[in-house]
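Each chain, written out:
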Amino acid sequence: MKPLLSLIGVVITIVSLVVFGFTYRQVQEQRTALLDDLERRTGLLADSLKESIRPSYLSNDTARLQNVLDKFAGRERLLGLAVFDNKGSLFATSAELPQELTSGASIPEKAMDADSNEGDFTFLSESKIYVFATPLHQDEKVIGAVTVYQRADYIDDAISQTWKRNLVRLLTQSLLFSLAVILIFRWIIYQPIIRMAEAIRQTRSGLAKGDPDVFKAHSFFSPIAAEIRKMSQSLLLARTAASEEARLRLEKIDSPWTAERLKEFFKAYLKDRKIYVVSNREPYAHKKIKNEIRAEMPASGMVTALEPVMEACGGLWLAHGSGEADRFVVDKDDKVGVPPDEPKYTLKRVWLSEQEVKGYYNGFCNEALWPLCHLAHTRPIFRQEDWTEYRKVNGKFAQSLLAEIKRVHRPLILVQDYHFALLPAMIKASRPDAEVGFFWHIPWPSAEAFSICPWRKEILEGMLGADVLAFHTQQYCNNFMETVGKEVESLADLEKFSITHKGHTSYIKPLPTSVAFTNGETKTPAPKSPLMEKLGIETKYLGIGVDRLDYTKGILERLRGIEFFFDLHPAYKRQFTFLQIAAPSREQVAKYQEFSEDVERESERINRKFESDNWRPVVLIKKLHTHEEIYPLYRSANVCMVTSLSDGMNLVAKEFIASRTDEAGVLILSQFTGASRELKEALIINPYSAEETAEAISKALSMPQAEQRRRMKKMRESVKNYNVYRWAAEFLKALASLS
Ligand code: F6P
């Protein structure tokens with residue numbers, strides 16, 4: 001609609017300019033004609049008046065003179081008449097001629113001095129008056145002047161009438177024109193385009209089965225429609241071939257997993273059963289940005305992993321509706337199709353009250369469970385009221401999910417993360433036929449560390465409702481088995497890695513999450529980063545960190561490592577810039593507010609210590625960035641730093657590797673991330689040691705290209721081979737194989 005409005009705007013502006021031009025000329029001509037007419041009429045009147053009053057003026061017969069003046073003065077638009085003697089003094093006036101007009105006699109004097117007719121405009125109050133004077137003669141000698149006062153307002157009135165008439169005409173024409181353009185646009189252009197776009201969308205998403213009718217368009221577009229129809233048929237053929245290939249690949253164990261292969265796997269092994277994902281964080285949050293509602297993907301490893309899987313398999317994703325404009329886009333069942341541009345699955349939003357968010361999310365999830373499971377030396381806070389809200393919210397999600405699966409036989413349910421530890425048991429209690437998988441996205445601590453939680457037994461029993469319980473690493477699985485053994489009466493089978501509790505068996509599995517990386521071959525050139533250009537970073541070397549502003553990410557330790565690096569290697573000053581992209585996170589939680597301020601303060605301190613000319617060693621940007629914005633940054637970086645103090649997996653590390661089609665760049669990776677178990681060719685560091693971090697930066701920046709390529713190649717192979725499609729397939733296989 002915007003381009004159409006601009007088109008109408010441009011046309012109306014041009015037409016208006018033309019109309020204004022013409023009207024201006026027209027009123028100029030009109031004014032000249034009216035003035036000429038006024039002068040002519042006044043001149044004629046003055047001449048005939050002169051003849052009539054000369055005798056009485058000469059004989060000084062004032063009574064007769066007055067009579068003549070009053071008789072003439074009654075005419076239309078004539079305000080009055082006056083006679084001046086040759087000294088410029090008023091001799092006689094018609095009755096009712098306002099005195100202000102005759103008090104100065106400049107025009108009659110001018111006429112007498114020049115011995116010619118003189119006319120000019122003057123104002124009486126607001127009214128415009130035309131004053132015309134003609135000399136009176138006796139034997140060629142000027143003996144006085146006759147002055148005529150005409151009302152001249154009608155000239156301006158006539159001109160403004162012309163303007164008004166033309167403007168109304170312009171408005172009507174513009175309105176009719178806009179209406180005509182909109183109607184033509186809608187019928188001839190917009191509707192056929194929308195129909196064609198919908199047909200293309202359906203073909204692209206595999207919904208259309210090549211029905212040529214969907215490409216029916218106005219004859220105006222028929223050549224394009226014909227081409228699109230052909231393209232769509234080719235696409236359908238290609239799709240069929242790809243899906244056939246994916247089906248064949250299912251049998252080949254060593255071929256990489258792709259979205260297509262996962263789809264085929266889903267059809268073949270799960271017979272297209274519907275998947276239900278439950279998580280706290282939603283994959284898309286709708287925000288109001290400048291009067292427009294836009295969907296944003298949050299900074300979340302869980303979303304990065306699950307979203308491509310849901311795009312491939314379809315299904316329903318139940319999550320907390322936390323976006324400020326979320327309610328505006330859902331239907332009456334609180335559902336919306338996503339991704340917004342091309343919906344492939346359904347997002348169902350669950351609404352939480354402020355009190356629920358405070359107790360369940362900010363309190364129990366982020367102040368109790370998060371620090372309990374991440375060994376980052378932040379003390380967990382256990383509040384009874386937070387626990388109450390946590391239980392309540394788990395119950396609320398359970399009810400919402402149970403309503404969805406009411407008529408679904410053996411639904412496949414994938415519960416995500418520490419927000420819903422109680423959910424598996426709640427679902428199983430009502431629906432024992434449901435197959436419930438539970439993925440814990442954060443580390444599972446040692447049994448001793450977990451034992452400080454006052455509600456450990458309830459949490460573990462809730463989790464043991466799941467049929468498959470998965471963690472990123474074998475170590476977390478071991479810790480979990482040990483914790484259950486210590487806290488809950490149960491039977492552990494160390495061979496099958498399962499726990500039987502109250503007659504139900506849960507299988508514990510290490511399943512490292514990953515990213516949707518499928519293609520390791522294409523060497524695409526690094527795209528330009530508008531952000532880098534905006535920031536004006538021009539140093540030879542660039543380091544990058546991409547994190548949520550979370551104390552577990554080791555950002556402060558990273559900054560200290562960078563400081564130490566410049567202390568040890570001052571030659572890198574003005575040669576190396578570190579760009580920290582930090583997405584604000586959990587801002588209602590005090591610890592996170594403090595942490596955000598600490599990061600800012602520390603960056604400033606380091607900048608003050610080393611900055612010179614236009615160079616600052618640390619560029620900190622506290623803002624959520626899209627994957628599209630981050631990708632060119634990964635590609636420009638010489639080194640990516642992941643220095644978490646404790647991290648379930650860390651998908652930033654894998655995203656960085658997936659982006660490097662050029663097989664260049666170095667990853668510095670904390671030994672306390674799940675990712676460090678797989679990415680052995682990264683420079684593995686202990687983030688608590690500033691010296692180790694500094695040394696790793698130095699090693700990364702001086703690493704020969706060949707060495708970078710060797711390491712990156714291996715890491716890319718590993719991420720490609722165990723990408724998120726494989727993760728999902730293994731998770732689903734583990735779940736479905738139980739029945
Ligand atoms: O890693 C655990 C996790 O739940 C992931 O989804 C994500 O990385 C992060 O925490 C997001 O936190 P939140 O959803 O609280 O913003």
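Nothing here was measured: the structure is a model prediction, and the numbers come from that model.

Basis of the calculations
- Numbering of residues begins from 1 in every chain and follows the order in which that chain's sequence is written.
- The model is predicted, so local features are restricted to residues of pLDDT at least 70 and side-chain atom pairs to those at 80 or more, both for listing and for counting; the totals for chains, interfaces and linings are taken over all residues.
- Here the side-chain values reflect all heavy atoms present in the structure, with hydrogen atoms and water set aside.
- For helices the rule is a DSSP run of H or I covering at least 4 residues; for strands it is a run of E covering at least 2, with both sets numbered from the N terminus onward.
- Every radius of gyration here is taken over C-alpha atoms, with the globule rule written as 2.2 Å times N^0.38, N being the number of residues.
- Per-residue accessibility, obtained with a 1.4 Å probe over protein chains only, is compared with the maximum for each type, and a residue is labelled buried under 20%, exposed over 50%, and partly exposed between these values.
- A contact between two residues is defined here by any heavy atoms of the two lying within 4.5 Å.
- For the accessible areas, the method is Shrake-Rupley and the probe is 1.4 Å, while residue cover comes only from the protein chains on display.
- Throughout, the term near means that a residue has one or more heavy atoms lying within 4 Å of the molecule or strand in question.
- Under this definition, polar contacts are N or O atom pairs within 3.5 Å; protein pairs additionally need one hydrogen-donor-capable and one acceptor-capable atom, and for neighbouring residues in sequence, both atoms have to be side-chain atoms.
- Two strands qualify as a pair provided DSSP detects at least 2 bridges between them.
- Lines fitted to C-alpha atoms define the axes, with helix axes restricted to the stretch in contact, and inter-axis angles between N-to-C directions lie between 0 and 180 degrees.
- Each patch is built from salt-bridge-free residues with over 30% relative accessible area, joining like charges within 9 Å and nonpolar side chains (Val, Leu, Ile, Met, Phe, Trp, Tyr) within 5 Å.
- Basic side-chain nitrogens of Lys or Arg form a salt bridge, by our definition, when they fall within 4 Å of a carboxyl oxygen of Asp or Glu.
- These domain boundaries are the output of an automatic or database domain assignment.
- By definition in this entry, angles of less than 35 degrees are roughly parallel, angles greater than 145 are roughly antiparallel, angles of 65 to 115 are roughly perpendicular, and the rest are oblique.
- Should the near helix be turned counterclockwise from the far one by less than a right angle, the crossing is left-handed, whereas a clockwise turn marks it as right-handed.
- Gly is put with the polar residues, along with every residue not named as nonpolar or charged; the nonpolar set is Ala, Val, Leu, Ile, Met, Phe, Trp, Tyr, Cys and Pro, and the charged set is Asp, Glu, Lys and Arg.
- For our purposes a nonpolar core is just a set of buried Ala, Val, Leu, Ile, Met, Phe, Trp, Tyr and Cys residues, chained together by side-chain atoms within 4.5 Å.

Draft legend 1. How the structure looks around the overall build of the protein chain. Counting its secondary structure elements, the protein chain contains 23 helices and 23 strands. Here the C-alpha atoms of the protein chain give a radius of gyration of 43 Å, more than 25% beyond the 27 Å that 2.2 N^0.38 yields for 739 residues. With respect to the principal axes defined by its C-alpha atoms, the protein chain has extents near 145 × 70 × 55 Å. Buried positions account for 52% of the 739 residues belonging to the protein chain. Restricting the contact set of the protein chain to residue pairs at least 6 apart, pairs at least 24 apart contribute 70%. Here the protein chain displays about 35,300 Å² of accessible surface, and carbon together with sulfur accounts for 54% of that area.

Draft legend 2. Geometry of the site of the ligand. By nearness alone, 13 residues border the ligand, and Ser300, Met302, Tyr361, Asp417 and Arg586 come closest of all. Between the ligand and Ser300, the relevant distance is 2.9 Å, taken from an oxygen atom to a side-chain nitrogen or oxygen of the residue. Here an oxygen atom of the ligand and a backbone polar atom of Met302 are 3.3 Å apart. Considering the ligand on its own, with 380 Å² of exposed area, one finds that the protein chains cover 91% of that surface.

Draft legend 3. The arrangement of the sheet that holds strand β22 (residues 666-670) in detail. In spatial order, the strands read β20-β19-β18-β21-β22-β23; together these six strands make up an open sheet with parallel pairing. With partners counted over all chains shown, the strands left at the sheet margins are β20 (618-622) and β23 (683-685), one partner each. Sheet twist, expressed as the mean angle between neighbouring strand axes with direction ignored, is 20 degrees. As judged from the five bridges shared by strand β19 (residues 576-583) and β20, these two strands associate in the parallel manner. What sits directly across from Gln580, in β20, is Leu620.

Draft legend 4. Highlighting the sheet that holds strand β13 (residues 435-439). Spatially, the 10 strands line up as an open sheet ordered β10-β11-β9-β6-β12-β13-β14-β17-β16-β15, and their pairing is mixed. In the strand order of this sheet, the two ends are held by β10 (335-338) and β15 (491-493), each with one partner. On average, each strand axis in the sheet is inclined to that of its neighbour by 20 degrees, with strand direction left out of account. Where strand β6 (residues 275-279) lies against strand β9 (residues 316-320), four bridges are found, and the strand directions are parallel. Among the inter-strand pairings, Val278 is bridged to a residue of β9, identified as Leu318. Running at roughly 140 degrees to β13, helix α23 (residues 724-736) makes contact with β6, β12 (412-416), β13, β14 (468-471) and β17 (504-510) of the sheet.

Draft legend 5. Seen up close, the side chain of Asp547. Topologically, Asp547 is positioned in strand β18 (residues 541-548). At a separation of 2.7 Å, a polar atom in the side chain of Asp547 contacts the side chain of Arg558. Excluding residues that lie within four positions of it along the chain, Asp547 makes contacts with Lys553, Ile555, Arg558, Gln580, Ile581, Ala582 and Ala583.

Draft legend 6. The arrangement of a nonpolar patch on the surface in detail. On the surface, Val10, Ile14, Val18 and Phe22 cluster together into a nonpolar patch covering about 400 Å² of accessible area. We classify Phe22 as exposed; its relative accessible area is 59%.

Draft legend 7. Region of the structure containing the pattern of salt bridges. By the definition in use, this model includes 50 salt bridges. Close ionic contact of Asp433 with Arg431 constitutes a salt bridge, the shortest N to O distance being 2.9 Å. Residue class for Asp433 comes out partly exposed when judged on its relative accessible area of 27%. Under the relative-accessibility criterion, Arg431 is labelled buried at 14%. For the salt bridge of Glu730 with Arg726, the shortest nitrogen-to-oxygen distance reads 3.0 Å. A residue pair is termed a helical-turn pair when its members lie 3 or 4 positions apart in one helix, as Glu730 and Arg726 do in helix α23 at four residues. Arg726 sits in the partly exposed class, given a relative accessible area of 28%.

Draft legend 8. The domain arrangement of the protein chain, seen in detail. Partitioning the protein chain into structural domains gives domain 1 (29-151), domain 2 (158-236) and domain 3 (530-722). With centres defined by C-alpha atoms, the gap from domain 1 to domain 2 works out at 69 Å.

Draft legend 9. Local environment of unusual backbone geometry. Val338 connects to Pro339 through a cis peptide bond whose omega is -5 degrees. Along the polypeptide, Pro339 turns up in the loop between β10 and β11 (345-350). Unlike most non-glycine residues, Lys502 shows phi in positive territory, near 50 degrees. Take Lys502: it is sitting in the loop between β16 (498-501) and β17. You will see that Arg574, though not glycine, has its phi angle at about 65 degrees, which is positive. Relative to the helices and strands, Arg574 is located in the loop between α17 (555-568) and β19. A residue is classified by how much of its surface remains accessible, and Arg574, at 44% relative accessible area, is partly exposed.

Draft legend 10. Representation of the packing of helix α7 (residues 259-270) against helix α8 (residues 301-313) in the model. The N-to-C vectors of α7 and α8 enclose an angle of 55 degrees; their axes lie 8 Å apart at closest approach. Here α7 is positioned oblique relative to α8, judged by the angle of their axes. Once α7 is placed against α8, the crossing between them reads as right-handed. Taking contact as the criterion, the partners of Ala259, Leu262, Lys263 and Phe266 in α7 are, on α8, Val309, Ala312 and Cys313. Considering only residue class, the contact of α7 with α8 consists of six nonpolar, no polar and one charged.

Draft legend 11. Inspection of the nonpolar core at higher detail. Counting 91 residues, the largest nonpolar core has Ile413, Trp440, Met463, Phe480 and Phe576 as the members making the most contacts within it. The greatest single-element share of this core, amounting to nine residues, is contributed by helix α10 (residues 354-373). The contacts of Met463, once residues within four sequence positions are left out, are Ala421, Pro424, Phe438, Trp440, Trp444, Leu469, Phe471 and Phe480. One finds Leu511, Leu542, Cys640 and Ala658 within the second-largest nonpolar core, a separate group that totals 74 residues.

Draft legend 12. Examining the pairing of strand β4 (residues 127-138) more closely. The element β4 is largely enclosed, with a buried count of nine among its 12 residues. Sheet topology note: the strand β3 (residues 118-124)/β4 ladder contains seven bridges and is antiparallel. In the sheet register, Leu124 faces β4, and the bridge partner there is Ser127. Taking the residues between adjacent antiparallel strands as the criterion, β3 and β4 are bridged by two residues, where Ser125 takes a positive phi near 50 degrees. Sheet topology note: the β4/strand β5 (residues 141-151) ladder contains 10 bridges and is antiparallel. From the neighbouring strand, Pro135 faces β5, where its bridge partner is Ala145. Hairpin geometry of β4 and β5 is characterised by an intervening segment of two residues between the two adjacent antiparallel strands and by a positive phi of about 50 degrees at Asp139.

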